Amino acid sequence: MAETTKEKLLNNHTEKHFTSGAIVRDVIIGVSDGLTVPFALAAGLSGANVGSSIIVTAGLAEVAAGAISMGLGGYLAAKSEEDHYHRELKREQEEIINVPDTEAAEIEEILAQYDLQPHEYAPMVNALRKKPQAWLDFMMKFELGLEKPDPRRALESAFTIAFAYILGGLVPLCPYMFIPDAMKAMLTSVGVTLIALLFFGFVKGHFTGNRPFRSAFETALIGTIASAAAYGIAKLVQA
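The structure presented is a predicted model; accordingly, all values stated were derived computationally and were not measured. (Residues numbered from 1 in each chain as written. Predicted model: local features only at pLDDT ≥ 70, side-chain atom pairs only at ≥ 80, totals over all residues. Heavy atoms only, no water.)

Visitor: Any chance you could explain the packing of helix H3 (residues 52-98) against helix H4 (residues 100-112) here in plain terms?
Guide: When two helices pack together, their arrangement is given by the angle between the helix axes and by the axis-to-axis distance. Between H3 and H4, the least distance of the axes is 5 Å, while the angle of their chain directions is 110°. In terms of orientation, H3 and H4 fall into the roughly perpendicular class. Where H3 abuts H4, its residues Glu-92, Glu-95, Ile-96, Ile-97 and Asn-98 lie against Pro-100, Glu-103 and Glu-106. (Axes fitted to C-alpha atoms, helices over the stretch in contact; angles between N-to-C directions. Helix = DSSP H or I, 4+ residues; strand = E, 2+ residues; numbered from the N terminus. Parallel < 35°, antiparallel > 145°, perpendicular 65-115°, else oblique. Contact = heavy atoms within 4.5 Å.)

The structure is reproduced here in structure tokens:
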């Protein structure tokens, strides 16, 4: 009867927590860089009085190189996290075998942080000591704060960041593909990219729990500063 009641409670409760943080983080990294870097590059080349066709060629080359670089960086970062987890897992496993009393004392210390008294957490400690795998999982999560990484995470991160970078990078370059005059194309690119930055910043703020309008403003401001700096530097060098 108790089991039926528990199942009924669980079935009637819908969790509303956001659980795709890693993917969203990768998309944010890729799109934010993709919007900003090619935007600044195109603005800088426009300031140097270069034609739209050259800007498109240079921009696409940068988008390709940037996507590969960013994707590789995401892959290596995820692999490093995975390697770190497995090193710590092996170390923790050896400690449980070699110094079980010390590890048990660490469990008690962890549980005491949740305001549990010795007579309350003692049965939990004894139960974990009888289940080595559960004990190991507990120590990894609550002592070291490490979650078991998804083995597909590295490739997913690489492709997500790379694709997001390409998607973001094409936005500021599109006007140059259709407008031969570089200065006119730049003005159009500024408008299109600012709208994209505002929209992206708003969505980013929504998913990350920050204030969407503030996030939109900050994202657009960073992109504007980057492109203005590139344009100004190009003008100074040309002068």
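Additional details are given in the paragraphs that follow.
Visitor: It is not clear to me how the nonpolar core should be interpreted in this structure. Could you clarify?
Guide: The tendency in soluble globular proteins is for nonpolar side chains to be buried as a group. Counting 16 residues, the largest nonpolar core has Ile-107, Leu-111, Val-125, Trp-135, Phe-138, Met-139 and Met-140 as the members making the most contacts within it. Within the residue set of this core, elements represented by two or more residues are H3, H4, helix H5 (118-129) and helix H6 (132-143). Each residue touching Trp-135, except ones within four places of it in the same chain, is listed here: Ile-96, Pro-100, Glu-103, Ala-104, Ile-107, Leu-128 and Arg-129. Ala-42, Ile-55, Val-63 and Tyr-165 belong to the second largest nonpolar core, which has 13 residues in total. (Core = buried A, V, L, I, M, F, W, Y, C linked by side-chain atoms within 4.5 Å. Buried < 20%, exposed > 50% of the residue type's maximum accessible area, 1.4 Å probe, protein only.)

Visitor: Explain the confidence of the model for the protein chain here, please?
Guide: Looking at the protein chain as a whole, its pLDDT mean stands at 82, while 87% of the residues score no less than 70. Averaged over each element, pLDDT in the protein chain is lowest for helix H1 (residues 2-12) (60) and highest for helix H7 (residues 153-178) (92). (pLDDT = per-residue confidence, 0-100.)

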